[in-house]
Amino acid sequence: MKIFIDSADIDEIRQAYAWGVADGVTTNPSLLKQAVEKRVRAGQPLDLKAYITQILQVAENTPVSLEVTEYTAQGMIQQGKRLYDMFNKVADNVYIKIPVNPAFKEEDGTHFDGLRAIRELTAGGIPVNCTLIFTPEQALLAAKAGANFVSPFAGRIDDDIRKKANLQFDKTAYFAASGMMEKDNVLEDNGVVSGIDLVDQCVQILEQYGFATEVLAASLRNPRQVRDAALVGAHIATLPSAVIRDMLKHHKTFEGMKLFTADIVAEYAAL
Ligand code: E4P
């Protein structure tokens, strides 16, 4: 399973590549806002074009997703092409991130605009990461439209399932892949019992029909969810820096280091 860093913070991205664990980067408008605000707070002037160029250079040879902010087919196609033309020349690694359904509400006439944009951009050779996937059938439609990656949002499904059941929870707390029972009923969202179940169903459907589209498990909030994503065969997991860091920790590893270090034979260390 490839690991992407889910961040627009150049320091975090540099760190993940320096650790040698990053196979790509995903950004979204909220992550970009956080990165910009951090710079502004630190009194650092920000040239966004130069900043994104730096991200692409650090991530050289690995995909970087840049999300559109338009929400009509024409708007997303034009913006996607503009971003691609502007930035892909830096390191040939830009993926355009398109929402699976850019409508804000039921009555909007734009439900299929995301799919139309995916179809046109990918037909023109621009790789697409289809975002905001909350059902396996959205993933199927995005794959049929030609998306290179589909991004099911595991953590946000877990949030939604817990919220609907009026449970108190911490967003980073593990929610079992197998779901949760409440008064003899399994909590679920339209047949999806957890975020990892959503990832699993997307993987199964796309593999069943031999799509080249890769499932990018997104909105992962803790290491156990990363393990679950790997167990169900996600091709990629995109992770905040803190989750990557936490994946390496175990108290017995720390203890083992102390014990082995205390036992070092000086002659052996000097060999
Ligand atoms: C990734 O591409 C998504 O934008 C991201 O993983 C969302 O994560 P969140 O639900 O923790 O905001």
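These remarks concern the structure in this document.

Each value, and the rule that gives it
Residues numbered from 1 in each chain as written. Predicted model: local features only at pLDDT ≥ 70, side-chain atom pairs only at ≥ 80, totals over all residues. Heavy atoms only, no water. Near = heavy atom within 4 Å. Polar contact = N/O pair within 3.5 Å; in protein donor to acceptor, adjacent residues only side chain to side chain. Areas by Shrake-Rupley, 256 points an atom, 1.4 Å probe, with all protein chains shown as cover. 1 Å grid on protein atoms, 1.4 Å probe; cavity = no way out; pocket = protein on both sides within 12 Å on 5 of 7 lines; lining within 4 Å. Sits in = over half its atoms within 2 Å of the grid points. Nonpolar A, V, L, I, M, F, W, Y, C, P; charged D, E, K, R; others polar. Points joined across faces, edges and corners; volume = space filled by probe spheres on them. Helix = DSSP H or I, 4+ residues; strand = E, 2+ residues; numbered from the N terminus. Salt bridge = Lys/Arg side-chain N within 4 Å of Asp/Glu carboxyl O. Buried < 20%, exposed > 50% of the residue type's maximum accessible area, 1.4 Å probe, protein only. Right-handed = clockwise from strand over helix to strand, strands pointing away. Pairing = 2+ DSSP bridges. Axes fitted to C-alpha atoms, helices over the stretch in contact; angles between N-to-C directions. Parallel < 35°, antiparallel > 145°, perpendicular 65-115°, else oblique. Left-handed = near helix turned anticlockwise from the far one by under 90°. Contact = heavy atoms within 4.5 Å.

## Quick notes on the site of the ligand
Next up, step 1: By nearness alone, every residue bordering the ligand is listed as Asp 6, Thr 26, Asn 28, Lys 97, Phe 153, Arg 156, Ala 218, Ser 219, Arg 221 and Thr 238.
Next up, step 2: Between the ligand and Asp 6 there is a distance of 2.6 Å, counted from an oxygen atom to a side-chain nitrogen or oxygen.
Next up, step 3: Between the ligand and the protein, one listed contact pairs an oxygen atom with a side-chain N or O atom of Arg 221 at 2.9 Å.
Next up, step 4: Summarising the interface, the protein chains cover 86% of the accessible area of the ligand, which totals 340 Å² for the free molecule.
Next up, step 5: One can see that the ligand is located within the largest pocket.
Next up, step 6: Counted by class, the shell around the ligand contains two nonpolar, four polar and four charged residues.

## Concerning empty space enclosed by the protein
Next up, step 1: Applying the stated criterion to the full structure yields one cavity of 30 Å³ or more.
Next up, step 2: Approximately 30 Å³ is the volume found for the largest cavity.
Next up, step 3: Lining the largest cavity are Gly 155, Asp 158, Arg 162, Lys 171, Ala 173, Phe 175, Arg 221, Asn 222 and Gln 225.
Next up, step 4: By residue number, the principal contributor to the lining of the largest cavity is helix H7 (residues 154-164), which donates three residues.
Next up, step 5: Tallied by class, residues from the lining of the largest cavity come to two nonpolar, three polar and four charged.

## Let's talk about the pattern of salt bridges
Next up, step 1: Within this structure, the stated rule accounts for 16 salt bridges.
Next up, step 2: For Lys 105, the salt bridge goes to Asp 108, with nearest N and O atoms at 3.1 Å.
Next up, step 3: Given a relative accessible area of 18%, Asp 108 falls into the buried group.
Next up, step 4: Lys 252 is paired through a salt bridge with Glu 255; the nearest N and O atoms lie 2.7 Å apart. On the criterion of helical spacing, the pair formed by Lys 252 and Glu 255 is a turn pair, its members being three residues apart in helix H11 (residues 251-262).

## Quick look at the pairing of strand S4 (residues 94-99)
Next up, step 1: Among the six residues that make up S4, six are buried, leaving the element largely enclosed by the rest of the structure.
Next up, step 2: Neither face of S4 is left uncovered, since the one carrying Val 94, Ile 96 and Ile 98 and the one carrying Tyr 95, Lys 97 and Pro 99 both have all their residues buried.
Next up, step 3: Between strand S3 (residues 64-67) and its parallel partner S4, the chain crosses via helix H4 (residues 73-91), and the hand of that crossover is right-handed.
Next up, step 4: Where S4 and strand S5 (residues 128-133) come together, four bridges link them in parallel fashion. Bridge pairing links Pro 99 to Thr 131 in S5.

## Re the packing of helix H5 (residues 113-123) against helix H6 (residues 136-145)
Next up, step 1: Running from N to C, H5 and H6 cross one another at 30 degrees; their axes reach a closest spacing of 8 Å. The orientation of H5 relative to H6 falls into the category roughly parallel. For the crossing formed where H5 meets H6, the hand is right-handed. Contacts between H5 and H6 involve Leu 115, Ile 118, Arg 119 and Thr 122 from the former and Leu 141, Ala 142, Lys 144 and Ala 145 from the latter.

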